[in-house]
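# Results of the structural survey
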Amino acid sequence: MNENTARTVDELLPDAMLRRFGERAPGYDAENVFFADDFEELRATGYLAAPAPVELGGAGLRLEQLVEAQRRLAAYAPATALGVNMHLVWVQVARFLRDRAPGDDGNGPLDWVLRDAVAGEVFAFGISEAGNDAVLMDARSTAEHLGAGEGYRVDGTKIFTSLSPVWTRLGVHARCDAPGPGAAGPGAAEPHLVFGFVRRDGGALREGSISHPGSGTRSVCARRRAGPRDSTGCGSPRPTSRRGSHPSTGRIRWCSRYSHPSRS
């Protein structure tokens, strides 16, 4: 892949490849397996870095081009498009922040996500929780702030995580009842939500798994240290509903400390 030239949807999703996806799709559904061959072909064409800007080594697709590409992919392999979409959402958010909220140096606060995507890292969602109807606006998982520059310890169960067989960076959110770093003024002590990422290579698989046909989703029971707030782009919107008890249906347990990946 040429890292200095923008690429088209046709180059990232060639017709011959899509026909192979369409031929494999019924088998993936019938056998209840992850779309492993599709995923590796998409990785090889550079599709996983489609929204990343050309100057960082990505394909440079604009949002409307990415939507076009996803619609085209879904016409041949719906489960593949759904699963990969969970990765592309995180990468596109990072692209938005680079384009619309750059720092004084012109870089976005989540440029490391773009660089990781170009390097082959796979981002996934670990957001949904049993009984949490507010979804992104509240959490049953809890976050404990470990101190300045030390990040958060996150404890809870997520159902389901996307791209379970292949993800390397899991996006999670959790509720913190203590004041956040630098919090001051009215409402500073109110509960807030923390968003960040944990790494797959920071822990070990302890238990079994629950899989979902095609899209590769599983439950994750996580107890792990998330990256520092200033390097993960964590936000602190106020929860809109009361926190209940922790669910206990997780099938994958990760127990480890987490260090944030290099942003260089």
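Residues numbered from 1 in each chain as written. Predicted model: local features only at pLDDT ≥ 70, side-chain atom pairs only at ≥ 80, totals over all residues. Heavy atoms only, no water.

## Quick word on the overall build of the protein chain
Across its full length, the protein chain carries seven helices and seven strands. When its helices and strands are written in sequence order, the protein chain yields α-α-α-α-α-α-β-β-β-β-β-β-α-β. Taking all 264 residues of the protein chain together, 47% fall into the buried category. In the protein chain, once contacts between residues fewer than 6 apart in sequence are set aside, the share between residues at least 24 apart is 76%. (Helix = DSSP H or I, 4+ residues; strand = E, 2+ residues; numbered from the N terminus. Buried < 20%, exposed > 50% of the residue type's maximum accessible area, 1.4 Å probe, protein only. Contact = heavy atoms within 4.5 Å.)

## A look at the packing of helix 5 (residues 78-100) against helix 6 (residues 111-119)
Between helix 5 and helix 6, the least distance of the axes is 8 Å, while the angle of their chain directions is 135°. Relative to helix 6, the element helix 5 is oriented oblique. Where helix 5 crosses over helix 6, the handedness of that crossing is left-handed. Here helix 5 contributes His 87, Trp 90, Val 91, Ala 94, Arg 95 and Arg 98 to the contact with helix 6, which in turn contributes Asp 111, Val 113, Leu 114 and Ala 117. Its residues placed into classes, the contact of helix 5 with helix 6 shows six nonpolar, one polar and three charged. (Axes fitted to C-alpha atoms, helices over the stretch in contact; angles between N-to-C directions. Parallel < 35°, antiparallel > 145°, perpendicular 65-115°, else oblique. Left-handed = near helix turned anticlockwise from the far one by under 90°. Nonpolar A, V, L, I, M, F, W, Y, C, P; charged D, E, K, R; others polar.)

## Some thoughts on the nonpolar core
Most often, soluble globular proteins keep nonpolar side chains buried together rather than apart. One finds Leu 13, Phe 39, Leu 42, Tyr 47, Leu 73, Val 84 and Leu 163 to be the most contacted residues of the largest nonpolar core, which totals 31 residues. Put simply, the parts of the chain that give this core at least two residues each are helix 1 (9-12), helix 2 (15-31), helix 3 (36-45), helix 4 (63-76), helix 5 and strand 4 (169-176). If one sorts the elements of this core by residue count, helix 2 sits on top with four residues. Once you skip the residues sitting within four places of it in the chain, Val 84 turns out to touch Phe 35, Phe 39, Leu 42, Tyr 47, Leu 48 and Leu 163. Formed by 15 residues, the second largest nonpolar core is a distinct cluster that contains Ala 52, Val 113, Phe 123 and Phe 197. (Core = buried A, V, L, I, M, F, W, Y, C linked by side-chain atoms within 4.5 Å.)

## Focus: the confidence of the model for the protein chain
Averaged over all residues, the pLDDT of the protein chain is 75; the fraction at 70 or higher stands at 70%. In the model, residues 203-264 has pLDDT below 50 throughout and makes 204 contacts with residues more than four positions away in sequence or in other chains. (pLDDT = per-residue confidence, 0-100.)

## A closer look at the environment of Pro 14
Mapped onto the elements, Pro 14 comes out in the loop between helix 1 and helix 2. Under the relative-accessibility criterion, Pro 14 is labelled partly exposed at 29%.

## Concerning the side chain of Thr 80
Note on placement: Thr 80 falls in helix 5. Judged by relative accessible area, which is 2%, Thr 80 ranks as buried. When neighbours within four sequence positions are excluded, Thr 80 is seen to be in contact with Phe 35, Asp 38, Leu 42 and Leu 73.

## Describing the environment of Ala 143
Here Ala 143 is to be found in strand 2 (residues 142-145). Its relative accessible area of 9% is what places Ala 143 among the buried residues. For the pair Ala 143 and Phe 195, spaced 52 residues apart in the sequence, the C-alpha separation amounts to 9.6 Å. Discounting residues that sit within four places of it in the chain, Ala 143 has contacts with Tyr 152, Arg 153, Ala 174, Arg 175, Cys 176 and Val 194.

## Structural notes on a nonpolar patch on the surface
A cluster of nonpolar side chains, Val 135, Leu 136 and Met 137, forms an exposed patch at the surface whose accessible area comes to about 230 Å². With respect to the helices and strands, the residue Leu 136 is situated in the loop between strand 1 (123-126) and strand 2. For Leu 136, a relative accessible area of 41% puts it in the partly exposed group. (Patch = residues over 30% accessible without salt bridge, like charges linked within 9 Å, V, L, I, M, F, W, Y side chains within 5 Å. Areas by Shrake-Rupley, 256 points an atom, 1.4 Å probe, with all protein chains shown as cover. Salt bridge = Lys/Arg side-chain N within 4 Å of Asp/Glu carboxyl O.)

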